[in-house]
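So you can see what is in the structure, the chains are spelled out below.
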Amino acid sequence: MSMKERILQLYKLNRIDRELHELISLRGDIPAKIEDLSSEKNQHDERANALRAELDAIVSAESNVQTENDHLLEKIEKNDEMLRSGAVKSNKEYDALAKEIEDATNKIKDNEKAAKEDNSARKAAIENELVLIAGQLEEVNVELDQNLKELEELTKQTGEEETDLNAQREEIIKSIDPEDLAYYERISSVKYGEAVAVVRKGSCLGCYSSIPPQKAIEIRTADKFYSCESCGRILIAEEIITA
Ligand SMILES: [Zn+2]
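Each value, and the rule that gives it
- Residues numbered from 1 in each chain as written.
- Predicted model: local features only at pLDDT ≥ 70, side-chain atom pairs only at ≥ 80, totals over all residues.
- Helix = DSSP H or I, 4+ residues; strand = E, 2+ residues; numbered from the N terminus.
- Buried ≥ 20, exposed ≤ 12 C-beta atoms within 10 Å, placed from the backbone.
- Contact = placed C-beta atoms within 7 Å.
- Axes fitted to C-alpha atoms, helices over the stretch in contact; angles between N-to-C directions.
- Parallel < 35°, antiparallel > 145°, perpendicular 65-115°, else oblique.
- Left-handed = near helix turned anticlockwise from the far one by under 90°.
- Core = buried A, V, L, I, M, F, W, Y, C linked by C-beta atoms within 7 Å.
- Domains from an automatic or database assignment.
- Expected span 1.5 Å × (residues − 1).
- Bend = angle between axes of the 7 residues up to and from the residue.
- Nonpolar A, V, L, I, M, F, W, Y, C, P; charged D, E, K, R; others polar.

1. Describing the overall build of the protein chain
Right, so step 1: Counting its secondary structure elements, the protein chain contains six helices and three strands.
Right, so step 2: Helices (α) and strands (β) of the protein chain occur, in sequence order from the N terminus, as α-α-α-α-β-β-α-β-α.
Right, so step 3: Principal-axis analysis of the C-alpha atoms places the extent of the protein chain at approximately 120 × 35 × 30 Å.
Right, so step 4: In the protein chain, buried positions account for 12% of the 243 residues.
Right, so step 5: Nonlocal contacts in the protein chain, meaning residues at least 24 apart in sequence, comprise 73% of its contacts between residues at least 6 apart.

2. Concerning the packing of helix 2 (residues 30-85) against helix 3 (residues 91-174)
Right, so step 1: It is the contact of helix 2 with helix 3, at a shortest axis distance of 7 Å, that shows an interaxial angle of 165°. Classed by the angle they form, the pair helix 2 and helix 3 counts as roughly antiparallel. Of the two elements, helix 2 crosses helix 3, and the hand of that crossing is left-handed.

3. Quick word on the nonpolar core
Right, so step 1: One finds Val 199, Ile 219, Ile 234, Leu 235 and Ile 236 to be the most contacted residues of the largest nonpolar core, which totals 22 residues.
Right, so step 2: Secondary-structure elements contributing two or more residues to this core are helix 1 (3-25), helix 4 (178-188), strand 1 (196-200), helix 5 (213-221) and strand 3 (234-237).
Right, so step 3: When residues of this core are assigned to domains, at least three map to each of domain 1 (3-174) and domain 2 (195-242).
Right, so step 4: Non-local contacts of Ile 236, meaning those with residues more than four positions away in its chain, are made with Ile 7, Tyr 11, Val 196, Val 198, Val 199 and Ile 241.

4. Quick word on helix 3
Residues three or four positions apart in an α-helix share a direction because the helix packs 3.6 residues into each turn.
Right, so step 1: With 84 residues, helix 3 should reach 124 Å at 1.5 Å per residue; the first-to-last C-alpha distance of 102 Å falls well below that figure.
Right, so step 2: Along helix 3, the largest kink reaches about 55° and is centred on Thr 158.

5. Comments concerning the domain arrangement of the protein chain
Right, so step 1: Domain boundaries assigned for the protein chain yield domain 1 (3-174) and domain 2 (195-242).
Right, so step 2: Each of domain 1 and domain 2 has a C-alpha centre, and these two points are 58 Å apart.
Right, so step 3: Each partner contributes to the interface: domain 1 provides seven residues, whereas domain 2 provides 10 residues.
Right, so step 4: Split by residue class, the side of domain 1 that touches domain 2 holds five nonpolar, one polar and one charged.

Encoded structure:
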């Protein structure tokens, strides 16, 4: 492939990219909005999950207290029976059993108090925050849905054209030297769809700066790649396109 043809291929690729760029820009800020809303939604979800886990932990701790209290109650009943049965002979043994009953009763009271007082405030705070998050999530979801529908509608209109352009792009890339393509993509990454500029009557049509006559002649000869000194675009002489 001659140098002229290589430049011409990049020019054609650029035309396809320009059309693709126009199609994508029709979507405006919708994709960015969707991204923002999705990340907002994730943050709410994560916070709600953390709160639910904390609530579960509290409830499970409370149920452990319940199990402990059940055991303590059993012990009290057992001791009580022994005391009533008259099987206890010594005062020392009697006092020990009575002391155990007293300790167990106190422990049950402490457990019940701790379960009620310490956790109820935190549990209420968690429930409140969960309600708040649910409200925020609903708002985010409504907005997200709207944007997704809008994007879907836009994509439906332009989808076929986009698929077609992408197919053309795939096709033309096959005939472009990988190094040329890398050169093109480097410029395209900052000037998407605008990597190649036509030189007409000694001016770069990308930035409208004038090109020295000697360089303009060289660009027409196209024995290598030339780029615009002001805007960095790959330059192609109009005569090469229309030839
Ligand atoms: Zn330029």
